[in-house]
Structure formats: C-alpha cells, structure tokens
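Now for the letters of each chain:
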Amino acid sequence: MKISKEEVEKVAVLARLALTEGEKETFSSEMSSILDYFDKLKEVDTEKVAPTSHASAGRNVMRGDEVRPSLSKEECLMNAPDANKGCLRVPKIIG
Amino acid sequence: MECVSCGKCFQLERVINVEFEVIIGLEVHAQLLTKSKIFCSCSTVFGAEPNTHTCPVCLGMPGVLPVLNRKVVDFALRVGLAVHCEIAHYSRFARKNYFYPDLPKGYQISQYELPLAEHGYVEVTTNGKSKRIGVARIHMEEDAGKLLHDERMEADSYSYVDLNRTGVPLIEIVSEPEIRTPEEASEYLKNLRGILQYLEVCDGNMEEGSFRCDANISLRPVGQQRLGTRTELKNMNSFKNVQRALEYEIRRQTNILDDGSEVIQETRLWDAAKGVTLSMRGKEEAHDYRYFPDPDLVPLIIDDDWIEVVRGSLPELPQEKRDRFIKEYQVPEYDAEVLTSSKSLADYYEESVRLFPSPKVVSNWVMGELLRRLKGDDRDIEDCPVTPRYLAKMLKMIEDGTISGKIAKTVFEEMYLSGEDPEKLVREKDLLQLTDEEELDRIIEKVLSGNATEVEDYKKGKSKLLGFFVGQVMKETKGKANPKLVNEILRGRLDR
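Scoring rules and cut-offs
Residues numbered from 1 in each chain as written. Chains lettered and ligands numbered in written order. Predicted model: local features only at pLDDT ≥ 70, side-chain atom pairs only at ≥ 80, totals over all residues. Heavy atoms only, no water. Helix = DSSP H or I, 4+ residues; strand = E, 2+ residues; numbered from the N terminus. Buried < 20%, exposed > 50% of the residue type's maximum accessible area, 1.4 Å probe, protein only. Lys, Arg positive; Asp, Glu negative; His and termini not counted. Charge placed at Lys NZ, Arg CZ, Asp CG, Glu CD. Patch = residues over 30% accessible without salt bridge, like charges linked within 9 Å, V, L, I, M, F, W, Y side chains within 5 Å. Areas by Shrake-Rupley, 256 points an atom, 1.4 Å probe, with all protein chains shown as cover. Salt bridge = Lys/Arg side-chain N within 4 Å of Asp/Glu carboxyl O. Phe/Tyr/Trp six-rings, centres within 6.5 Å; stacked < 30°, edge-to-face > 60°. Lys NZ or Arg CZ within 6 Å of the ring centre and 35° of its normal. Axes fitted to C-alpha atoms, helices over the stretch in contact; angles between N-to-C directions. Parallel < 35°, antiparallel > 145°, perpendicular 65-115°, else oblique. Left-handed = near helix turned anticlockwise from the far one by under 90°. Contact = heavy atoms within 4.5 Å. Nonpolar A, V, L, I, M, F, W, Y, C, P; charged D, E, K, R; others polar. Pairing = 2+ DSSP bridges. Core = buried A, V, L, I, M, F, W, Y, C linked by side-chain atoms within 4.5 Å. Domains from an automatic or database assignment. Polar contact = N/O pair within 3.5 Å; in protein donor to acceptor, adjacent residues only side chain to side chain.

**Things to note about the overall build of chain B**
Within chain B, the regular secondary structure consists of 18 helices and 17 strands. Expressed as a percentage of its 496 residues, the buried residues of chain B come to 51%. Distance between charge centres in chain B, computed from 68 positive and 85 negative side chains, equals 4 Å.

**With respect to a negative patch on the surface**
Residue and element names in this part refer to chain B. Among the surface-exposed residues, D203, E207, E208, D378, D380, E382 and D383 lie close enough to one another that they form a single negatively charged patch. Here D378 lies in the loop between α11 (359–376) and α12 (388–399). With relative accessibility at 73%, the residue D378 sits in the exposed group.

**Quick word on the packing of aromatic side chains**
All names here are of chain B. The tally for this structure, following the rule as stated, stands at eleven aromatic pairs over all chains. A ring pair is formed by F325 and Y349, whose centres lie 5.5 Å apart and whose planes are at 45°; its orientation type is tilted. Of the two residues, F325 is situated in helix α8 (residues 318–329) and Y349 in helix α10 (residues 343–355); the sequence distance between them amounts to 24 residues. Taking the centre distance of 6.2 Å and the plane angle of 70° together, the rings of Y458 and F469 count as edge-to-face. Highlighted residues: Y458 in helix α16 (residues 452–459) and F469 in helix α17 (residues 465–476), separated in sequence by eleven residues. Grouping residues by exposure puts Y458 and F469 together as buried. What links up through ring pairs into an aromatic cluster is the set Y98, Y112, Y289 and Y291. Here the basic side chain of K96 rests over the ring of Y289, its NZ or CZ set 4.4 Å away from the ring centre. Across from the ring centre of Y107, 5.4 Å away, lies the NZ or CZ of K105, which sits over that ring.

**Observations regarding the packing of α10(B) against α12(B)**
Residue and element names in this part refer to chain B. Their axes nearest at 8 Å, the elements α10 and α12 cross at an angle of 40°. The orientation of α10 with respect to α12, classified from their angle, is oblique. Considering the relative orientation of α10 and α12, their crossing is right-handed. Packed against α10, whose contacting residues are Y348, E351, S352 and L355, the element α12 presents P388, R389, L391, A392 and K396 at the interface. A breakdown of the residues in the contact of α10 with α12 according to their chemical character gives five nonpolar, one polar and three charged.

**Quick word on the pairing of strand β1 (residues 20–31) of chain B**
All names here are of chain B. When you tally the buried positions in β1, you get eleven out of twelve residues, the bulk of the element. Here β1 pairs with strand β12 (residues 211–221) via eleven bridges, running antiparallel. Residue I24 lies in a different strand from β12, and its bridge partner there is I217. Pairing between β1 and strand β11 (residues 169–175): five bridges, direction antiparallel. Paired with Q31 across the strands is L170, a residue of β11.

**Observations concerning the nonpolar core**
All names here are of chain B. Counting 103 residues, the largest nonpolar core has M140, I171, I173, Y188 and M394 as the members making the most contacts within it. Among the elements that make up this core, the one with the highest residue count is helix α3 (residues 70–82) (eight residues). Looking at which domains feed residues into this core, each of domain 1 (27–214 + 226–243 + 262–305) and domain 2 (318–428) gives three or more. Setting aside anything within four residues of it in sequence, one finds Y188 in contact with L26, V122, V124, I133, V135, I173, S175 and I179. Residues L434, I444, L485 and L494 belong to the second largest nonpolar core, which totals 20 residues.

**Looking at the side chain of B:T34**
Within the secondary structure, B:T34 is located in the loop between β1 and α2 (56–59). Among the polar contacts made by the side chain of B:T34, one reaches the main-chain carbonyl oxygen of B:S36 at a distance of 2.7 Å.

**So, the domain arrangement of chain B**
Domain parsing of chain B yields domain 1 (27–214 + 226–243 + 262–305), domain 2 (318–428) and domain 3 (437–494). A straight line from the C-alpha centre of domain 2 of chain B to that of domain 3 of chain B covers 33 Å.

**A closer look at the packing of helix α15 (residues 437–450) of chain B against α17(B)**
Residue and element names in this part refer to chain B. With their axes 10 Å apart at the nearest point, α15 and α17 run at an angle of 120° to one another. As summarised for this structure, α15 and α17 are arranged oblique, according to the angle between their axes. Crossing of α15 over α17 shows right-handed handedness. Across the interface between the two elements, I443, I444, K446, V447 and L448 from α15 touch F469, Q472, V473 and E476 from α17. Partitioning the contact of α15 with α17 into residue classes produces six nonpolar, one polar and two charged.

What follows is the structure in structure tokens.
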C-alpha cells in the first residue's frame, strides 16, 4: 500500500514534526513497507481471536480516592520551556 | 403552533416548522466531585493558586503510570444507571491525540470504543408533553488545564497556563440527535443537571465550568432522512445562553438555506454580549485524533455485583421525588416541580413539613416569600438564614393566633434579615396579634365614630363597606389586630 508524500505531510503536521523533502521521501517508502507488512498479517485467519488491546493480562487496577501532596509550584514549572507569574507561558492563544 | 425558535412569537412558524426540521444533539462535560484526580492523587479543589496541584503523572512526565480512581468509576456508574443506560462489562480507556498548551501529555485520556455506558434516556417535559431524549453514551475522561484570561495576564502577547485542572475527572454525556427545539435542549440540560446533583456526583455549576455543554445543530427539510450539515456551538455557560445560542443558530442556518446557500461544518462560539454565534474559522484545524487504546491503563471489568451495589445506593431522583410529593403531600404538580428543583430545596421543604404538618401552607410560604427573597438576593437555599425550624415555628404562631397572617410577612422579613428565632422577634418588635377584645372594641369605636358617613351608608345597605372598616382597624393597629375578632365585633356593633 503506497503512502503518498501528502499523507506523510499530514501525519507530520499532526505530530508537529518538521520534515525535510528527503525525509518525506524516506518516510513515504518506509511507511508504505510497514503497511505492506500489515497486509501480509491480514492473511492470517483471526476469525476466532479476540482483538488484543493490551499486552498485560491485568484487569481493574485502581486506587482509592485519596489526596496526596502535589509538587510545589516551582517544581511544576521547573521543566517548562517558559514560565512567568506562576504559570507556564506559551505564545498567545486566541479564544 | 408556536415558533420553535423563541417559543413566543409566531413569525418563524412557517419558515421553520413547515420547511425545516431542527436536529440538536448535546454533549455535556460534568466534573465529578472526587477529592483526587482521575489518574493521580493530586487534589481537585477549585480555586487554588495556579500550578500547585500537579505531579509527574498529570504533567505527563516520561515513565509515569496513571492509576484509575475507583470513585470515578462509581460516580460514572451512578449516572449511567440513573439515566437508564446499559453498563459495559468490559470497558477501556483510549488516547485522544492533539496538541494544545493546556494538555501537557499531547493526548487526553478518554474512552472511545467501549465506553462505560450506552443507550439510556432522560425524560423531558415541554408544553405539558413528555418525551424521552436518548443518551447515546457516557464515558470517563480527564479534564485539561486552563488558559488564564484575567486582565493582569492579558496585557502582553503570551497566554498563561494553569495545570491544576489537568486530570480532574469528567464524564462526557452525549445525547442522541433527538432534540428538536431550543426549549427541549434547555429542559434536557436542567433535568440532567438535577440528576447529577441529586446523585451528588457533580455540583452542576455552569459558570465555574463544572457543568459544560456543547451543542450540535443542523436543519433539514421536513421529510428528508439525510441529516443536514451541522455546526458545533461552544461557550454557552448558562441554560439561558444555550437556548439563546440555539435560537440564533436556527435563524442563521434558516437564512442560509433559504438563500439556497450551504451551511459550513464548523465550530462556532456563542458571544452572549452580542447575542450571536461566531465562526472559529482558522483557529482550529480539521481534527484527526488518532484514538488508540491506552497501553498504560488495563481494561476495566464491571461485573453484575458491582452494578447492583451501585444501583442499590442510588437516591430518590428528581422525578420520583416530584411524584411522591404530589402523592404524599397532595401539593399541585407545579409546586412539586418547583420544590424538587434542587435536592436541598426538597430537603428544606420536607423538614419544614415534618415540623409543621400542613404541606400546602408550607409550600405557599416556601414558594412565595422564601424563594422570592432568595431569588432577589441571588442566594441558594443552603444559604437561607431562615431555618426550617424557625419557619415552622412562625407558621405555628399564625395557626394559634399569636400573630396575624399579615404580620407574619413582617416577622418573616425580620427572620430573613437576622436569622433569629421568630418568638424572640415577635416579643422584641411588639408584633403580637391583638386579641384583647376590650382594646379592639375601643379601637373599633374610634374608627366608627371617625367615619360617621360610611356608617350611615353601611346601615342603608352598603354592606361592602365592612371591608373598609376592617381595613381602618388594621391600619390603626399596624396590622396586628386579629381579623376574625375585628369582623365579629364590627358586625356586632353595626348590625344590631
């Protein structure tokens, strides 16, 4: 299955990746071959196999509704690329 | 038939009812009243200093693992069962991928395929007719952070992000596109909010955003099966605004279709000040969320035992309570509707009736003076200075003749202002009913001798003047005279 350059560009926009023309070519062919492999997998009869969404066999992992201490404001903002007035600061968002 | 747009005028009747059918579907996001967040132990308390309720999990640091808060599931189950949904025995979480500054992980943990609950309904009554609005699904998800917009923050060319709300539990309740008028939409929301409040899973505060609503709306020619192009409306933070925004959007889409143009599928923001919806064009890209099962959260299995435990814990819901009030207290349907509009009001009423077992009398006072005063002060019943005990005490004082019904209004006002015991107020403000016959007789004598002409007229047959004399006596006693006694004495004197 051929993945076009346009499709690669769309995925790149969604993932916020800036790709060079060369990378677009590379990904187009690599993604195509990945999907070809899925076509191969489709040949297997999975009629009686339930879809797997998780590798773990675990079920119902839950906790009680208890509050524990949070990070301090300083710790919270420590990794932010930009912070000011006790908040993370980002380019102006309208609306 | 009245106009579906405003419910009052008749002008749009032809345009809308004859030519187009309105199709509305609502999405409600309700914040759940848990103490901690859905996938971590940070506090959910509203109004804390920005960015003081976060941890590596809700900040989306690498290598952390979310763990589901069991209470979120309990709460979501309560709602699912209360609106008659089928509960999924096997349910799972999914990642909804998009980039926005209020979303630290780059995805929101939500449910996509296999939501917790599906196929329920909420009953609504408009113009005396009941109808079931389908609930397509209810799923659990995490809230995003908040972009701060106060003036201090807005002066520059940045936006400021507070991540305290990130990870606060939400349920999204999606209706079927079965709503046909803005009025139905508003009723659906009111009833749904009432149910959430009765269940004590959400405070229902629309202004603070703990109960938020988006609407999808489209028009199609009557008789056509295929749905028309819809728009999505956002930013409506009250029932009134939801109704107004939908009314506006019906007019807008009607005009477009009447012109032979096409409605564009887009998100539009309601501007309450201008009373219009505005396109968000250019600010939002076509969404492609690339949902997939979240590998960090294992599937959720809900067995029948769990469902039955939750079902057994459900309280009496608004509709059941309303029906019971009509039956048990013999109050009119309208009274029952108002009295059960919130659980706290219903509790207030029931407590008052328990202390003063004349349901209709209590209902008249609660729905009259009490709600009028609270509404005027924009107060909730929880903040009412007059307790059920004092209200009942005052009603007893009217009943046994200690105070007159007229004076009771003054006593009530004093109680409302001070929160004091009515007995104390009556004593201190000298509001006791005047029942001393000798004194009343003296006052009546005075009134009659001061209105000799009227007395003449009365004796000539103008018996309606009795009311005038009673009024004069009341005036003379500042409303404290016992009206029954006044009537008796007056008649005795005039009719002899």
